[in-house]
Number of protein chains: 2
Amino acid sequence: MPSVPAALQLDNLCVVLVAPRNPLNIGAAARAMGNFGVRRLHLVNAYSVAFREARSAMGASGLLARAEEHASLAAAVAGCSLVVGTTVARKRELQHPLRSLPDAAPLIQRAMRSSPVALVFGSEKRGLSRQDLSHCHWLLRIPTEGDASMNLGQAVAVCLYQLTRRRAPARITKSEEKAAAAAELERITALLLECLHASGYIQPRAARSAEEKLRRLVRRLRIPAADADLWLGILRQISWKLQQKK
Amino acid sequence: MPSVPAALQLDNLCVVLVAPRNPLNIGAAARAMGNFGVRRLHLVNAYSVAFREARSAMGASGLLARAEEHASLAAAVAGCSLVVGTTVARKRELQHPLRSLPDAAPLIQRAMRSSPVALVFGSEKRGLSRQDLSHCHWLLRIPTEGDASMNLGQAVAVCLYQLTRRRAPARITKSEEKAAAAAELERITALLLECLHASGYIQPRAARSAEEKLRRLVRRLRIPAADADLWLGILRQISWKLQQKK
């Protein structure tokens with residue numbers, strides 16, 4: 001059997017920084033990306049002074065110059081069919097499957113072969129919010145002593161070191177078809193939410209937490225990309241019918 | 001439970017920074033050490049202002065307060081029976097065996113079991129000098145794109161992440177391992193079918209083939225067992241609402 005390592009599709013790996021505040025950290029993340037050959041950087045809600053400073057410090061030609069700015073995490077990950085949040089916490093977010101970086105790497109590498117994957121880092125102080133997390137399919141934990149938080153640039157470096165390591169080719173099973181992109185999952189979530197409201201499943205005062213729960217529930221399904229339109233059509237029809245009955 | 005395996009003798013791992021100039025980098029290296037449970041830090045010929053600043057920024061209680069200062073690399077590694085220099089260069093130092101970090105890790109871990117090992121990092125600008133290198137048994141290279149140099153704190157973080165990794169087989173997290181049983185999928189399919197009929201999505205004469213299509217569609221979702229009841233509840237509610245006042 002040939003043991004040539006499978007090529008890593010690094011263009012399918014997208015680093016997303018949510019609400020970064022410190023220009024040094026944005027620059028450090030960009031430098032780590034450059035070190036490991038990862039070029040796609042999306043910033044969500046970046047403090048604009050910090051971003052400008054980081055950009056000028058790094059020069060205009062690099063990946064920071066080509067970084068995309070987005071107003072929401074949903075927009076930043078819209079094209080990605082796997083969205084992985086990073087955390088140091090071991091127990092906090094029990095709503096999501098939590099994998100340590102070494103275990104997560106082969107899964108992310110496999111997903112990168114067929115479609116874009118987002119690796120999402122929270123802000124320096126607070127990490128990812130519950131709402132941010134609800135956009136993630138699962139969470140990745142860098143194993144640290146006492147679950148202490150890591151410097152942002154260091155966390156990016158460690159993740160990308162592991163994710164760009166070539167290893168023996170993992171077998172792609174047939175069931176590993178391309179998964180629906182985040183934008184499609186978000187449309188499905190929105191339609192389903194309409195149905196739940198119209199059917200009386202959701203009580204108005206619990207609407208916010210219900211939305212996050214539902215978003216996670218949909219992400220745990222792993223809807224194949226090829227089926228997304230069909231599900232959207234089904235939900236549109238049900239939603240339309242439910243609205244008529246109101 | 002500590003996340004760093006007890007079998008690793010981390011007290012036998014000593015990080016040596018040669019001629020560091022930037023207090024932020026010293027602090028970043030110390031933070032990375034703390035993250036991975038490595039406590040022995042030796043500084044060689046550190047710019048004293050930088051060291052003082054880093055110390056005061058990190059507080060006096062941490063590992064920077066206990067860091068040893070040495071006037072020469074020879075003194076700093078005197079107690080170590082393996083001295084490994086770090087470099088990003090691939091070809092420069094042909095006098096030394098050069099191992100990439102993943103290959104180097106098991107050798108260093110094995111040496112740590114019996115006696116202290118020094119991991120030596122050069123200054124931010126120039127790396128390790130030829131003279132510094134002559135104190136090393138061999139060199140460790142972090143594989144980077146185009147052999148570009150890494151930020152010091154990030155290089156320390158990446159090395160210590162790899163060196164403190166236990167080599168356990170990858171596991172699937174509990175929460176994702178179990179998929180919904182066929183009987184649950186069938187109940188979900190039946191309820192969904194009711195919804196599709198009630199909403200007018202399915203035309204009566206295509207009912208048979210629609211049912212089969214739907215069954216396959218649901219099976220392609222891979223619904224987690226833990227979520228099956230939730231989906232059943234959602235579908236029951238929607239179906240009930242659709243049946244009302246038909």
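Residues numbered from 1 in each chain as written. Chains lettered and ligands numbered in written order. Predicted model: local features only at pLDDT ≥ 70, side-chain atom pairs only at ≥ 80, totals over all residues. Heavy atoms only, no water.

Focus on the interface of chain A and chain B
Inference 1: Facing the 61 residues of chain A at the interface are 63 residues of chain B.
Inference 2: Surface buried jointly by chain A and chain B totals about 5400 Å² across both partners, of which 57% is contributed by carbon and sulfur atoms.
Inference 3: Inspection of the region where chain A meets chain B yields four salt bridges.
Inference 4: One salt bridge connects Glu145(B) with Arg39(A), and the closest N-O pair in it is separated by 3.0 Å.
Inference 5: Elements that contribute at least two residues to the side of chain A that touches chain B include exactly helix H1 (23-35), strand S5 (98-100), helix H4 (101-112), helix H6 (152-163), helix H7 (182-198), helix H8 (207-219) and helix H9 (228-244) of chain A.
Inference 6: Residue classes in the side of chain A that touches chain B are distributed as 33 nonpolar, 15 polar and 13 charged. (Contact = heavy atoms within 4.5 Å. Buried area = accessible area lost by both parts, 1.4 Å probe. Salt bridge = Lys/Arg side-chain N within 4 Å of Asp/Glu carboxyl O. Helix = DSSP H or I, 4+ residues; strand = E, 2+ residues; numbered from the N terminus. Nonpolar A, V, L, I, M, F, W, Y, C, P; charged D, E, K, R; others polar.)

Considering the sheet that holds S5(A)
Residue and element names in this part refer to chain A.
Inference 1: Strand order in this open sheet of seven strands is S3-S2-S1-S6-S4-S7-S5, and the pairing throughout is parallel. The open sheet has two edge strands with one neighbour each: strand S3 (68-70) and S5. Going across the sheet, the axis of each strand differs from the next one's by a mean of 30°, ignoring polarity. (Pairing = 2+ DSSP bridges. Axes fitted to C-alpha atoms, helices over the stretch in contact; angles between N-to-C directions.)

Quick notes on the packing of helix H4 (residues 101-112) of chain B against helix H6 (residues 152-163) of chain B
All names here are of chain B.
Inference 1: Interhelical geometry of H4 versus H6 gives an angle of 55° and a closest axis separation of 9 Å. Judged by the inter-axis angle, H4 sits oblique to H6. Of the two possible hands of crossing, H4 and H6 adopt the one that is right-handed. Residue-level inspection shows Leu101, Pro102, Ala105, Ile108 and Gln109 of H4 in contact with H6, the latter providing Val158, Cys159, Gln162 and Leu163.
Inference 2: Of the residues that constitute the contact of H4 with H6, the class distribution is seven nonpolar, two polar and no charged. (Parallel < 35°, antiparallel > 145°, perpendicular 65-115°, else oblique. Left-handed = near helix turned anticlockwise from the far one by under 90°.)

Comments concerning the packing of aromatic side chains
Inference 1: Overall, the coordinates contain three aromatic pairs over all chains when judged by the stated rule.
Inference 2: Seen in terms of ring centroids, Phe36(A) and Tyr161(A) are 6.2 Å apart; in terms of plane orientation they differ by 65°. Their pairing is edge-to-face. Taken as a pair, Phe36(A) in the loop between H1 and strand S2 (40-44) and Tyr161(A) in helix H6 lie far apart in primary sequence, 125 residues in all. In terms of burial, Phe36(A) and Tyr161(A) fall into one category: buried.
Inference 3: Grouped by ring-pair contacts, the aromatic residues Phe36(A), Tyr161(A), Phe36(B) and Tyr161(B) constitute a single cluster.
Inference 4: Geometry around Trp138(A) places Arg99(A) over its ring, the cationic atom sitting 4.5 Å from the centre. (Phe/Tyr/Trp six-rings, centres within 6.5 Å; stacked < 30°, edge-to-face > 60°. Buried < 20%, exposed > 50% of the residue type's maximum accessible area, 1.4 Å probe, protein only. Lys NZ or Arg CZ within 6 Å of the ring centre and 35° of its normal.)

A short note on helix H10 (residues 228-243) of chain B
Inference 1: An ideal rise of 1.5 Å per residue puts 22 Å on 16 residues; H10(B) measures up with 22 Å between its terminal C-alpha atoms.
Inference 2: Among all positions in H10(B), only Ala228(B), Trp231(B), Leu232(B), Gly233(B), Ile234(B), Leu235(B), Ile238(B), Ser239(B) and Leu242(B) are buried.
Inference 3: At its buried positions, H10(B) is contacted by H7, H8 and H9 of chain A together with helix H8 (182-198) of chain B. (Expected span 1.5 Å × (residues − 1).)

Read these as spatial facts, not as claims about activity.
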